[in-house]
Amino acid sequence: MVEMILQVEQFFLDLFFPRRCVVCRNSGAWLCVDCSKKQSERFLFEPIGSEVYGLFAHEDSAARELLYGLKYGGLYESAEVLMDVLHLACSAEDLLRALQCSKDPVVVPVPVSYSRLKSRGYNQAELLARVFARWAGLPMNTQILHRRAGKTLVGQGRRLRQRAAQTAFYIGDDYVVEKNSEYILIDDVVTTGSTLKTCRKILLDAGAARVVGVAFAYKHRFGG
Ligand SMILES: [Zn+2]
């Protein structure tokens, strides 16, 4: 039902706001063939910490614009476009091998709080996780990790963000993390990666065998 509403909404958006490449503004697609290719060549796969990786630099205009559209502009197709770019950069098998996934990992999006979900209507990390899971042929679970509502951490110092993040996430009451389970956590944009690192620790503490964090974009030129 939700997908149908999104499709109808997209139809009217296409009608009144034709798609233009977010980089070169050529009409026809959110990212044209040339810009997709250029962006795919900027595939980073950069380690941000222990078993946490950034796929693209956030400063690259295509990744930045698509993720901004996904987060604030209701540009749901950005997730699909980013996956197309990722697919140009590498195969799902190669990425899973690079992540050293041994079993069939479960894809888990970094959650947003219920109040955030209600005000925005969707979780951008979940939209990315959904297309990522489909691309990689892996199951996705949105019931494992939850997030408490809290103050926004944007602009706060690193230590304050880390402390707040530790109490913000929890495992769902009706979910048991199995001992030999393996997870891939998905987030959209990270700076220090502290959210992914915290979520990773929570799953490991709950008994997961292995957890890797993957952020689509890494703001590696900025601290905070
Ligand atoms: Zn273009």
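Residues numbered from 1 in each chain as written. Predicted model: local features only at pLDDT ≥ 70, side-chain atom pairs only at ≥ 80, totals over all residues.

A. Spotlight on the sheet that holds strand S6 (residues 182-190). A sheet is described by the order of its strands in space; here 5 strands give the open sequence S1-S2-S7-S6-S3, paired in mixed fashion. Since the sheet does not close on itself, it has two edges, and those belong to strand S1 (43-49) and strand S3 (106-109), each with one partner. Each neighbouring strand pair of the sheet contributes to a mean axis angle of 25 degrees, computed without reference to strand direction. Looking at chain direction, S6 and strand S7 (residues 210-218) are connected through 8 bridges and run parallel. Its bridge partner being in S7, Glu 182 is matched across the sheet by Arg 210. (Pairing = 2+ DSSP bridges. Helix = DSSP H or I, 4+ residues; strand = E, 2+ residues; numbered from the N terminus. Axes fitted to C-alpha atoms, helices over the stretch in contact; angles between N-to-C directions.)

B. Structural detail: the pairing of strand S2 (residues 52-57). Counting buried positions over the 6 residues of S2 gives 5, a clear majority of the element. Relative to S2, S1 runs antiparallel, the two being bridged by 4 bridges. Of the residues in S2, the one forming a bridge with Gly 49 is Val 52. Examined bridge by bridge, S2 and S7 share 5 bridges and lie parallel to one another. Each bridged residue has a counterpart across the sheet, and for Phe 56 the counterpart in S7 is Ala 217. (Buried ≥ 20, exposed ≤ 12 C-beta atoms within 10 Å, placed from the backbone.)

C. Representation of the pairing of S6 in the model. Burial of S6 is extensive: 9 of the 9 residues sit out of reach of the surface. Bridge count between S3 and S6: 4 bridges; the pairing is parallel. Bridging across to S6, Val 108 finds its partner in Leu 185. Read as a crossover between parallel neighbours, the route from S6 over helix H9 (residues 194-205) to S7 is right-handed. (Right-handed = clockwise from strand over helix to strand, strands pointing away.)

D. Representation of helix H4 (residues 77-89). Taking 1.5 Å per residue, 13 residues should reach 18 Å; H4 reaches 19 Å between its end C-alpha atoms and fits that length. Along H4, the residues classified as buried are Glu 77, Ser 78, Ala 79, Val 81, Leu 82, Val 85, Leu 86 and Ala 89. Of the surrounding elements, those touching the buried residues of H4 are helix H2 (33-40), S1, S2, helix H3 (61-72), helix H7 (124-136) and S7. (Expected span 1.5 Å × (residues − 1). Contact = placed C-beta atoms within 7 Å.)

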